[in-house]
Amino acid sequence: HYTFFSEMQRWPEGTQELTYAFEPNNGLDDVVKGVFSNAFDRWSKVTTIKFRETTSYESADLKIGFYSGSHGDGEPFDGVLGTLAHAFSPTNGMLHLDGAEDWVAIGDVTASSLSSAVDLESVAVHEIGHLLGLGHSSVEEAIMYPTIGARTRKVELAEDDIKGIQVLY
Ligand code: TQI
Ligand code: ZN
Ligand code: ZN
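The model shown is predicted, which means the values in this text are computed figures rather than measured ones.

Draft legend 1. Inspection of the coordination of the zinc ion (ligand 3) at higher detail. Every protein donor of the zinc ion (ligand 3) is listed here as His126 (NE2), His130 (NE2) and His136 (NE2), and their distances to the metal cover 2.0 to 2.1 Å. Donor residues for the zinc ion (ligand 3) sit on one chain with the sequence pattern H-x3-H-x5-H.

Here it is, written out as structure tokens:
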């Protein structure tokens, strides 16, 4: 079953659009941006919120970046596997990915020759759930289930994810 953060943190009532931006120093390519665009679409399809990319990092509601090790928020990344990414509850908006992972943004992660390959869209969909206010789910099929194997792709929202997010938006 889905959960929320304590005190049901959410973006304000009436929010129709949230903007997102990528850390300008990361020099991210269009493949990564396309993966996030797909991941955001999955949540906007089942809520009343639209997501729009902006180049104005400072003023964006949601800020996405890749970092390695300590990066200033007291939650250092740990190298290959372990913690893959983290995101904070509303209305913080920060979504950080561990730059040390073997991210797969294109092609079939299950066919990767690297045992440590991690599917970027799967993690993006999960972390966006946190950004919007979902905690972890006890339903194994749910995107918000707290574990995922390496070389696994899980990007389709389960009924449990949809029911949870529709309580909020
Ligand atoms: N990162 C954890 C996660 O996102 C960080 C975390 C733990 C967290 N507890 C939290 C974030 C509570 C917000 C609220 O769950 S992770 C998965 C999963 C991780 C794990 O690197 O372990 C995914 C990142 F669920 F699949 F295992 C992405 Cl998809
Ligand atoms: Zn961080
Ligand atoms: Zn999580």
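Draft legend 2. Spatial organisation of the site of ligand 1. In the region of ligand 1, 14 residues are neighbours, and Leu84, Ala85, Glu127, Tyr145 and Ile148 sit closest. One of the backbone nitrogen or oxygen atoms of Leu84 is found 2.5 Å away from an oxygen atom of ligand 1. In this structure, His136 approaches ligand 1 through a side-chain N or O atom, which is 2.9 Å from an oxygen atom. Of all the cavities here, the one that holds ligand 1 is the largest pocket. Listing elements by their share of the shell around ligand 1, those giving two or more residues are strand 4 (85–87) and helix 2 (120–132). Classifying every residue of the shell around ligand 1 by side-chain character gives eight nonpolar, five polar and one charged.

What counts and how
Residues numbered from 1 in each chain as written. Chains lettered and ligands numbered in written order. Predicted model: local features only at pLDDT ≥ 70, side-chain atom pairs only at ≥ 80, totals over all residues. Heavy atoms only, no water. Donors = N, O, S within 2.8 Å, 3.2 Å for Na, K, Ca; no water. Near = heavy atom within 4 Å. Polar contact = N/O pair within 3.5 Å; in protein donor to acceptor, adjacent residues only side chain to side chain. 1 Å grid on protein atoms, 1.4 Å probe; cavity = no way out; pocket = protein on both sides within 12 Å on 5 of 7 lines; lining within 4 Å. Sits in = over half its atoms within 2 Å of the grid points. Helix = DSSP H or I, 4+ residues; strand = E, 2+ residues; numbered from the N terminus. Nonpolar A, V, L, I, M, F, W, Y, C, P; charged D, E, K, R; others polar.

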